[in-house]
Every structure is written in structure tokens, then in C-alpha cells.
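Structure at a glance
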Amino acid sequence: MRVRFAPSPTGHLHIGGARTALFNYLYARKSSGTFILRIEDTDEDRSTQESVKSIYESMRWLGLAWDEGVMADGTEKGAHGPYVQSVRESQGIYRKYADGLIAEGRAYRCYCTPEELDETRKKAQLEKRPLIYGGRCRNLTEEQKKEFEARGRKSVVRFRMPDTGFTGWHDSIHKDVKFENKLLSDFVMLKTSGYPAYNFACVVDDHLMEISHVIRGDDHISNTPLQICLYNALSWALPEFAHLSMILGPDGTRLSKRHGATSVGEYRKQGYLPETMKNYLALLGWSTTDSQQIFKKGELEEKFDLKGCQKSPAIFDPVKLAWMNGEYIRLLSREDMLAFSMPFIKESGLDPSASKIPLLDIVALEQEKCKLLAELPGKIEFFFKDPVYNPEAVEKTLKAPEVTKILNGIKEAYAALAEFKEAPVEAATRAFAKANGYKAGQVFHPVRVALSGRAEGPTLFRMIEYIGKEESLKRLDKALTLI
RNA sequence: GCCCCCAUCGUCUAGCGGUUAGGACGCUGCCCUUUCAAGGCAGAGAUCAGGGGUUCGAAUCCCCUUGGGGGCGCCA
């Protein structure tokens, strides 16, 4: 069993592409098959090497290791290479099959210019006919061809579609699908540049690479009959086809930039864990029969199945994604939490050496409530630098009655502490409250705001211990001036 | 315009002829609690898009309508 993910490197790996890659990967792992990565860079204008790099990186980050294709070090692995279409083109692979089909009369050279094609499309539109290529160049005489060439006309190679009958297949997800041949266009196999067009390159490579299951987005459903006709013309066996439902934005339209982040890299930057993305994406269009939500390491690889795939499109829900990220963050060990947080802390410019407390301990303070790693530095920054006093918190909590008295009293109590640790600080704080007839909360809240600048934060007395005695006293003084 | 695909709580979904239509996110309330979260418990939320059939019986099978999505490139 062999599957492939075949992105075109015209940008970053987006959510839809990642989901397709993931399903291919999971299906390969589940069936002990081979997962191949092929680069479809036949769009000469838009393909870039940076995109290739970016796609590799996103896939590696997601943990979608491929068995064949161009590997991390740039070398190719696998016996069915090369795995980059532009390289395959330079070896004449596609031309060879195109020539064969022309010789058999299954394909032909077409001399129509883009302008002429535009013209016929417009006409078809007006006459309310299907917008398909009508086969103007299908039966040119040798003389006509020579004339075109003498005039310097460039040509493409088109596939001659059957005029009658239907082309259909049994899709692993959509069951039986069929199209009427006469409504399908003689599609381009080779462009004027000699480069193969998608439908042709895809079929040739899938066959040569012995792909057994083509799992792709269902925006390719209408390409499938064209490709099947090609397989037939070349007398090649068909692979299984499985067309995955689309992923839509919250407004039900195709996921795009205006819905926010669309690429895997952007989610990484926001502080989503790779396991979160993998798990969430898996649930977009697939489910187990018991609707399991969270999967342990390796469990998806074990449970994934084409049978659980959904036919209907799924709307991408950032809120649920964020919830799931919180779940995965809580599952992290303290050490892993620190490791995943580190890039975000560095990025924020915080200086961990500004505190005597190990960063590990400070980060652990926020782990269980953290949803996005990118939010973490903001939550812990007051451990490393002067607090920024939240105006609302100052107004509501610091300017409450008695607060001046309370903070002065607390200052005295803290100054007298020999051991500035969580337990003694708590004991001292509670003792002060009790001795002066304050309710616990009446003291705790202003102290929190005075020391951190905000109304919410980590468990109070641990927080105070971590801020340290000297700094705490300093901040109490500062807060007193704000009242 | 033509072709194709799809249709269960707001969202992701289970269901595959007989269920009180189940779970998850979100939402509401309560508990826990120094705050914010997290966690625990409870709850609201779906006449299964609508209409016809088939059947003793339909969310499940068939047809039509409506709605949504995709495709109709020398892009993939």
C-alpha cells in the first residue's frame, strides 16, 4: 500500500493541505504502507524553493515523516524517484508518454492561442453551453499543422476525451460518482513550455510511483474522470480514490486569509503544539464511532480509517482548537512545557536572569491555564520587570477602602519575615487579616494587584515568594503611591 | 450558465430500519477556590433542511425541492 502527498510549492503549507497530508500519513501508518512526498512544481511562475522548504518544515513540525521523497538533508530516498516534477520533466518522463499518446491518436497538438480560447469560453457562456474546449484542433490535417508552425504558433498537447459514455469510479468516501464524457473537456497534458499540466503529471507519477490510494481534497473530484480516462488510454490500473471533504471558514466559505491564520506555520507562531494541530485536524472530517476527542501518542496512527471519513465539509473552529491546545499543554511535563515555551519567551525579549527563581518554576505556575504559548510571556513578565499596573485593577482594588492601611500593615508583616517562602508568607498574611478584622479576600486582592499589577494571576503566596522579599516591599511602596 | 458533491444541536460529530437521537467544543448555573483558569456536577440546545414516497415502522432506503460547497485555466 502506497500513498502520497503532492503539494505544489506556491506558498506555505495551509490547513487544508496539512489535513490531506495528515490523512495520507495516518493511512500509511495504519496500513503499514509507504508515505511518499512528491513536489508538484510545474507552475513555473509561482513555484518557489522557499515554499518547498517551508512545506518540509511544517510537515516535520507536525510529525508527518515521509518514507520516500526528498529528505531533510536534500538527498532523495526511495526507488521511485526523482520526486520533484520539474526534475522528472527534465528527464523527459512526461514527454515520452505524451508522444506515445499522440502516436496512438489519443492526444493531439492544439494551436489555439489563449485569446482564442478565451473567446470560445465567452461565447459558450453567452450561449449557456458548458465552458469546455470543443476540440477545434482535434482533426487538423498535416498541412494545417505545418501552416500553424510556419506562422510560429506554439502548441500544447491535449488529451482526446471520449465523445460518448460515462466515466465513473467507486470512491472510498463518496461511493459511486460518475460524469458524462461529452461534458468533459480535452484537457491540456503538456503546456507550450513542454512542462506537464497537473492532470497529466499526476497520473504519470502516481502510476510510476505505484501509488495505490489517491487521497486528496474533494475539490479534485472533477479532475478524477479526466485522470481515469488517461489511465485507461495508457492501459494502466486505477488506484483507489478517496476524496476528503473541504475545510471551510467559520462563515461557511472556503478557508482563506480573511478568516485569520490559514497556514500551519502561523499556528505554530501563535503557540499551538504540533500534537494539538495533528489531533484537531484529524477530527476535521474524520471520527471514531465513539467520537473520541483526545488521542494519545500513536493512537491516531492506530485508529485512523477511511471509513470514518465525512462526506460533508467541515467548518474550522478556532475556539475548539484553542481548548484542545490547553488540553495538550496540561499533558506536558514541566520540562517539556519550558522547552516549548522557550522560543516565545526569547521572542518576547524577557530576561529570565532578572529573577533568581528558575524559569522552569515560573513557567510551571501558568501551565495549567495556558491556552496559547504566545500568551505566556505576558502572563509572567512581572516576575522579571516592574509590573505594569492595570488601571481598572488600580481603580477597583487598590482604591478600595482601607487599602492604604492594609498594604502598610502587610509591608510591616513581610519585612519582619525571616523566611520569605510560600507558607510563612501565607501565614503572615492571614494572621494580619485576622488580627485586624479583615476578611481574607479583602487583603489578598490588593496585595495581588500591588505586587503584580493585575487582578488575576498565579496562586498568590507562591507568586509572592517568587517575586522575593526585597522586590515585594519595593512594589508595595510603589503601589501605595498609586492610591 | 453547465457539471459534480454535500445536508443530525451554533460548531465538530455518533448513528447505518425500531435509540429517552449519544459524545465533544462553546454557552448557562452550582461546587471547589485568594484571583483568573483548570477540575467536578447539573442544564439549556437537533420536530435529524423541506416535501413526497417505500415500509408495520424511517435521521437511516428512493425521488423532488431548497440551501451550501466544489469544478468548468497552458493553476494545482
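Residues numbered from 1 in each chain as written. Chains lettered and ligands numbered in written order. Predicted model: local features only at pLDDT ≥ 70, side-chain atom pairs only at ≥ 80, totals over all residues. Heavy atoms only, no water.

A few points about the environment of Asp206
- Inspection of the secondary structure puts Asp206 in helix α7 (residues 198–208).
- Residues Asp206 and Arg4, spaced 202 residues apart in sequence, show a C-alpha to C-alpha distance of 8.3 Å.
- Each residue touching Asp206, except ones within four places of it in the same chain, is listed here: Arg4, Arg38, Ile211, Val214 and Tyr231.
- For Asp206, the side chain forms a polar contact with the side chain of Arg4, separated by 2.8 Å. (Helix = DSSP H or I, 4+ residues; strand = E, 2+ residues; numbered from the N terminus. Contact = heavy atoms within 4.5 Å. Polar contact = N/O pair within 3.5 Å; in protein donor to acceptor, adjacent residues only side chain to side chain.)

As for the sheet that holds strand β5 (residues 107–110)
- Taken together, three strands build an open sheet; the order of strands is β5-β6-β9 and the sheet is antiparallel. Strand pairing shows two members of the sheet lacking a second neighbour, β5 and β9 (188–190), which therefore form its edges. Neighbour to neighbour, the strand axes of the sheet diverge by 45° on average, direction disregarded.
- Two elements, strand β6 (residues 156–159) and β9, share two bridges in a ladder whose sense is antiparallel. Its bridge partner being in β9, Arg158 is matched across the sheet by Val188.
- Lying over the sheet, helix α4 (residues 93–103) contacts β5, β6 and β9, oriented at roughly 125° with respect to β9. (Pairing = 2+ DSSP bridges. Axes fitted to C-alpha atoms, helices over the stretch in contact; angles between N-to-C directions.)

Focus: the protein's contact with RNA strand B
- Around RNA strand B there are 65 residues in total, and Leu131, Lys191, Thr289, Lys369 and Thr459 lie nearest to it.
- One of the side-chain nitrogen or oxygen atoms of Arg430 is found 3.3 Å away from a phosphate oxygen of RNA strand B.
- Interatomic distance of 2.8 Å between a side-chain N/O atom of Arg448 and a base oxygen of RNA strand B.
- Taken together, the elements giving at least two residues each to the surface near RNA strand B come down to α5 (114–126), β6, β8 (175–180), β13 (314–315), α12 (318–331) and α19 (440–452). (Near = heavy atom within 4 Å.)

Some remarks on the pairing of β6
- Residues Val156 and Arg158 of β6 are buried on one face, and the alternating residues Val157 and Phe159, pointing to the opposite face, are buried as well.
- Bridge count between β5 and β6: four bridges; the pairing is antiparallel. By the bridge assignment for β6, Tyr108 is matched with Arg158. (Buried < 20%, exposed > 50% of the residue type's maximum accessible area, 1.4 Å probe, protein only.)

Thoughts on the side chain of Asn24
- Secondary-structure assignment places Asn24 in helix α1 (residues 15–30).
- For Asn24, a relative accessible area of 0% gives the class buried.

Examining helix α18 (residues 422–435)
- Taking 1.5 Å per residue as the helical rise, α18 with its 14 residues ought to reach 20 Å, and the 20 Å between its terminal C-alpha atoms agrees with that figure.
- Every buried residue belonging to α18 is among Val425, Ala428, Thr429, Phe432 and Ala433, and all of these are buried. Projected onto a plane normal to the axis of α18, the buried residues spread over an arc of 130° and lie on a single side. What points out from α18, more than 90 degrees from its buried face, is the exposed set Ala423, Lys434 and Ala435. (Expected span 1.5 Å × (residues − 1). Arc of directions from axis to C-beta.)

Some points on the packing of aromatic side chains
- Counted by the stated rule, this structure contains 20 aromatic pairs.
- Ring geometry for Tyr25 and Phe35: centres 6.1 Å apart, planes at 70°, overall edge-to-face. Here Tyr25 is found in helix α1, whereas its partner Phe35 is found in strand β2 (residues 34–37), with ten residues between them in sequence. We note that Tyr25, like Phe35, is buried.
- Among the aromatic residues, ring-to-ring pairing joins Phe23, Tyr27, Trp286, Phe295 and Phe304 into one connected group. (Phe/Tyr/Trp six-rings, centres within 6.5 Å; stacked < 30°, edge-to-face > 60°.)

Let's talk about the pattern of salt bridges
- A full pass over the atoms with the stated rule returns 34 salt bridges.
- Here Asp206 makes a salt bridge to Arg4, at a shortest N to O gap of 2.8 Å. One end of the pair, Asp206, is in helix α7; the other, Arg4, is in strand β1 (residues 2–5), and 202 residues separate them in sequence.
- Relative accessible area serves as the criterion here: at 1%, Asp206 is assigned to the buried category.
- Taken together, the shared-partner salt bridges connect Arg4, Arg38, Glu40, Arg88, Asp205 and Asp206 into one network. (Salt bridge = Lys/Arg side-chain N within 4 Å of Asp/Glu carboxyl O.)

Looking at the side chain of Arg216
- Relative to the helices and strands, Arg216 resides in strand β10 (residues 213–217).
- No salt bridge forms around the buried Arg216; measuring N to O, its nearest opposite-charge neighbour Asp206 is 5.2 Å away.
- Among the polar contacts listed, one links the side chain of Arg216 to the side chain of Thr224, at a separation of 3.1 Å.
- Contact partners of Arg216, with chain neighbours within four places excluded, come to Arg4, Thr20, Tyr198, Cys202, Thr224, Gln227, Phe241, Ala242, His243 and Leu244. (Lys, Arg positive; Asp, Glu negative; His and termini not counted.)

Concerning the confidence of the model for chain A
- Scored by pLDDT, chain A has a mean of 95; 100% of the residues are at 70 or more.
- Of the two predicted TM-score estimates for the complex, the pTM is 0.96 and the ipTM is 0.96. (pLDDT = per-residue confidence, 0-100.)

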